[in-house]
Amino acid sequence: MKLKEDSVVITFTSTTDAMAAELFFNKKALRGRLIPVPTSITAGCGMAWKAPAEDRDELLTALRREGLRYDKDYRMLL
Amino acid sequence: MIYLDNAATTMQKPRGVIEAVVQAMKTAGNAARGMGEAALWSSRLIFEVRVQVATFFNVSRPDHVIFTSNATEALNIVLNGLFIRGDHVITTDLEHNAVLRPLYRLQERGDIMLSIVPADSCGNIHLDVVESLIRSSTRAIVITHASNLTGNVVDVRRIGQLARARDILFVVDAAQTAGSMPIDMENLHIDVLCVTGHKGLFGPQGTGCLCLREGIDIRPFKVGGTGVQSFSKTQPQTYPERLEAGTLNTHGIAGLAAGISFVQSTGIEKIHRHEMSLTRRFYDGVVSLPDIQIYGDFSVDDRAPIVALNLGKIDSAIVADILSTTYGIATRAGAHCAPRMHEVLGTVSQGAVRFSFSWFNTEDEVDRAIEALRDISQHLVSNAHD
């Protein structure tokens, strides 16, 4: 089991948005993976993208440039 | 058996469709419900198929592809969720009951006013008549891409242009053409496209979809679980969840995706050419039989692969029964859920025998159907004249 890491968690309002983001991140070889949304976060969709915190800006910028939607982003030890 | 009832459903499916369904039945969890590998497999599959359908029909956004159980359900979602009291709707004599019955019910409740574009004796409608029926309250034109009885294709591009120019929503029932003819929602100015999966797209029965242009507001006809926004008391407003309460038919959708892939890899133009070639071969082979009546417009080549006919005054059910029991040829007799088209053609009491072809039919099968019909014609028509 890994120790908790400083992470960015990106949430989505729909499964479709989460799937689109996952496909896009994987295609671009960006770091991270889908996780169940931590209970401390309120989100529309039960899926979130977790990645190292330092990747936050790169991920969000990439999403915006691609015209893909996300809900919010959080920084947490996860 | 020679299967010539493809307008009802394509019975012969590509092997990949069957394999995809089996694979999904071994693998799929519940899409958008949970994060285990099986659930994720389904969520990814469903998303990929939305993208595939959006590409196939040129839908502007994958999340505006809504999965339904067939074209009838897609049409019911649209027709029951789109209009407000006082809206005027235009449809045509060519329609299937999947369009007519929802509209009749709305009309009977006093929710909409309905105008029906008459077809001529060839089964065609005319643009100037469509235009003449437009009122200030006209909200939508709802039309089939091709008659499921005659196979006549409607010029949806011109009607789409008219609708767009007059700010009227354009709803197209593509049950008979999806997979057999190219459909580009943008080029044809289609706002709402209703599709079934089990005909020309070679998917399993129980699959279909509703494709929406952005900005179309449709009230949900059912509400319930979506896997998202679970603490909201109301259905999510965003598509596709807004119209997709309940677990999706992931196994069927996996098969539908394989069916569309088959059409894409084979080439839709190639499929259309093959189907038209068989249709023309059959038409040419039977058109000279004594006392035959063939319905629809065969002066054009751009048709759905359908030939509906009668022999003399003989009940279409008898002809279809003989074709099935004596020659092993599956066709469809009767009314084909197209009551107004039969009224126009004067075939309400006799019905018609419908032959419909697919990519998997061969020239040899067509020739055997021609021979069978020639046999039946000789026996029955001469008996009827005795």
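The model shown is predicted, which means the values in this text are computed figures rather than measured ones.

A. Structural view of the interface of chain B and chain A. Chain B puts 16 residues into the contact, and the matching count from chain A is 17 residues. Here chain B packs against chain A, burying approximately 1300 Å² in sum over the two surfaces, 63% of which is carbon and sulfur. Close ionic contact of Glu22(A) with Arg44(B) constitutes a salt bridge, the shortest N to O distance being 2.5 Å. Our count for the contact surface shared by chain B and chain A stands at four residue pairs in polar contact (both at pLDDT 80 or more). Counted by class, the side of chain B that touches chain A contains six nonpolar, four polar and six charged residues.

B. Broad picture of helix H6 (residues 156-165) of chain B. Residues and elements named next belong to chain B. For H6, the set of buried residues is Val156, Ile159, Gly160, Leu162 and Ala163. Along H6, the residues classed as buried sweep out an arc of 160° about the axis, all on the same side. Tucked into the core, H6 has its buried residues touching helix H5 (127-132), strand S5 (138-144) and strand S6 (169-173). Downstream of H6 by one or two residues, aspartate 167 has phi in the positive range, about 60°.

C. Region of interest: the pairing of strand S8 (residues 208-212) of chain B. Residue and element names in this part refer to chain B. Taking burial as the measure, the five residues of S8 include five buried ones, the bulk of the element. A two-sided burial pattern is seen for S8, the buried positions comprising Gly208, Leu210 and Leu212 on one face and Cys209 and Cys211 on the other. Examined bridge by bridge, strand S2 (residues 65-68) and S8 share four bridges and lie antiparallel to one another. Bridge assignment links isoleucine 66 to a residue of S8, and that residue is leucine 210.

D. Focus on the packing of aromatic side chains. Scanning all chains against the criterion turns up nine aromatic pairs over all chains. For the ring pair Phe56(B) and Phe57(B), a centre distance of 4.9 Å and an interplane angle of 80° mean the geometry is edge-to-face. Phe57(B) matches Phe56(B) in its accessibility class, with the two residues each being buried. Ring geometry for Phe202(B) and Phe262(B): centres 5.6 Å apart, planes at 90°, overall edge-to-face. In this pair, Phe202(B) is assigned in the loop between strand S7 (192-196) and S8 and Phe262(B) in helix H7 (residues 250-266), connecting sequence segments 60 residues apart. For Phe202(B), a relative accessible area of 1% corresponds to the buried category. Members of the aromatic cluster, joined through ring pairs, are Phe24(A), Phe25(A) and Trp49(A). Between the NZ or CZ atom of Arg303(B) and the centre of the ring of Phe298(B), over which it lies, the distance is 3.8 Å.

E. The arrangement of the sheet that holds S8(B) in detail. Residue and element names in this part refer to chain B. The strand order across the open sheet formed by seven strands is S2-S8-S7-S6-S5-S3-S4, and the pairing between neighbours is mixed. Two strands in the sheet have a free side with no partner beyond their single neighbour: S2 and strand S4 (112-117). Shown here is a sheet whose adjacent strand axes are inclined to one another by a mean of 20°, direction ignored. By the bridge criterion, five bridges tie S5 to S6 in an arrangement that is parallel. Following the sheet pairing, isoleucine 143 is matched in S6 by valine 172.

F. Expanded view of the domain arrangement of chain B. Residue and element names in this part refer to chain B. Looking at the assigned domains, one finds that chain B contains domain 1 (2-10 + 267-377) and domain 2 (15-266). Distance from the C-alpha centre of domain 1 to the C-alpha centre of domain 2: 27 Å. With 34 residues of domain 1 in contact, the opposing surface of domain 2 contributes 39 residues. Summing both sides of the interface, domain 1 and domain 2 together bury roughly 3000 Å²; the carbon and sulfur share of this comes to 59%. Inspection of the domain 1/domain 2 interface yields one salt bridge. Counting the contacts that link domain 1 with domain 2 gives 21 residue pairs in polar contact (both at pLDDT 80 or more). Mapped by element, the contributors of at least two residues to the side of domain 1 that touches domain 2 are helix H8 (268-286), strand S10 (306-311) and helix H10 (339-345).

G. The pattern of salt bridges, seen in detail. Under the counting rule described, the total for this entry stands at 26 salt bridges over all chains. The shortest N-O distance in the salt bridge between Arg31(A) and Asp55(A) comes to 2.9 Å. Within this pair, whereas Arg31(A) is found in the loop between helix H1 (15-27) and strand S2 (33-36), its partner Asp55(A) is found in the loop between strand S3 (47-52) and helix H2 (56-66), the two being separated by 24 residues in sequence. For Asp55(A), a relative accessible area of 7% corresponds to the buried category. Here Glu37(B) makes a salt bridge to Arg44(B), at a shortest N to O gap of 3.9 Å. According to the relative accessible area criterion, Glu37(B) is exposed, its value standing at 59%. Arg44(B) gets classed as partly exposed once you look at its relative accessible area, which sits at 25%. Within this structure, Asp17(A), Arg69(A), Arg61(B), Asp63(B) and Glu214(B) form a network of salt bridges that share partners.

Rules of the game
Residues numbered from 1 in each chain as written. Chains lettered and ligands numbered in written order. Predicted model: local features only at pLDDT ≥ 70, side-chain atom pairs only at ≥ 80, totals over all residues. Heavy atoms only, no water. Contact = heavy atoms within 4.5 Å. Buried area = accessible area lost by both parts, 1.4 Å probe. Salt bridge = Lys/Arg side-chain N within 4 Å of Asp/Glu carboxyl O. Polar contact = N/O pair within 3.5 Å; in protein donor to acceptor, adjacent residues only side chain to side chain. Nonpolar A, V, L, I, M, F, W, Y, C, P; charged D, E, K, R; others polar. Buried < 20%, exposed > 50% of the residue type's maximum accessible area, 1.4 Å probe, protein only. Helix = DSSP H or I, 4+ residues; strand = E, 2+ residues; numbered from the N terminus. Arc of directions from axis to C-beta. Pairing = 2+ DSSP bridges. Phe/Tyr/Trp six-rings, centres within 6.5 Å; stacked < 30°, edge-to-face > 60°. Lys NZ or Arg CZ within 6 Å of the ring centre and 35° of its normal. Axes fitted to C-alpha atoms, helices over the stretch in contact; angles between N-to-C directions. Domains from an automatic or database assignment.

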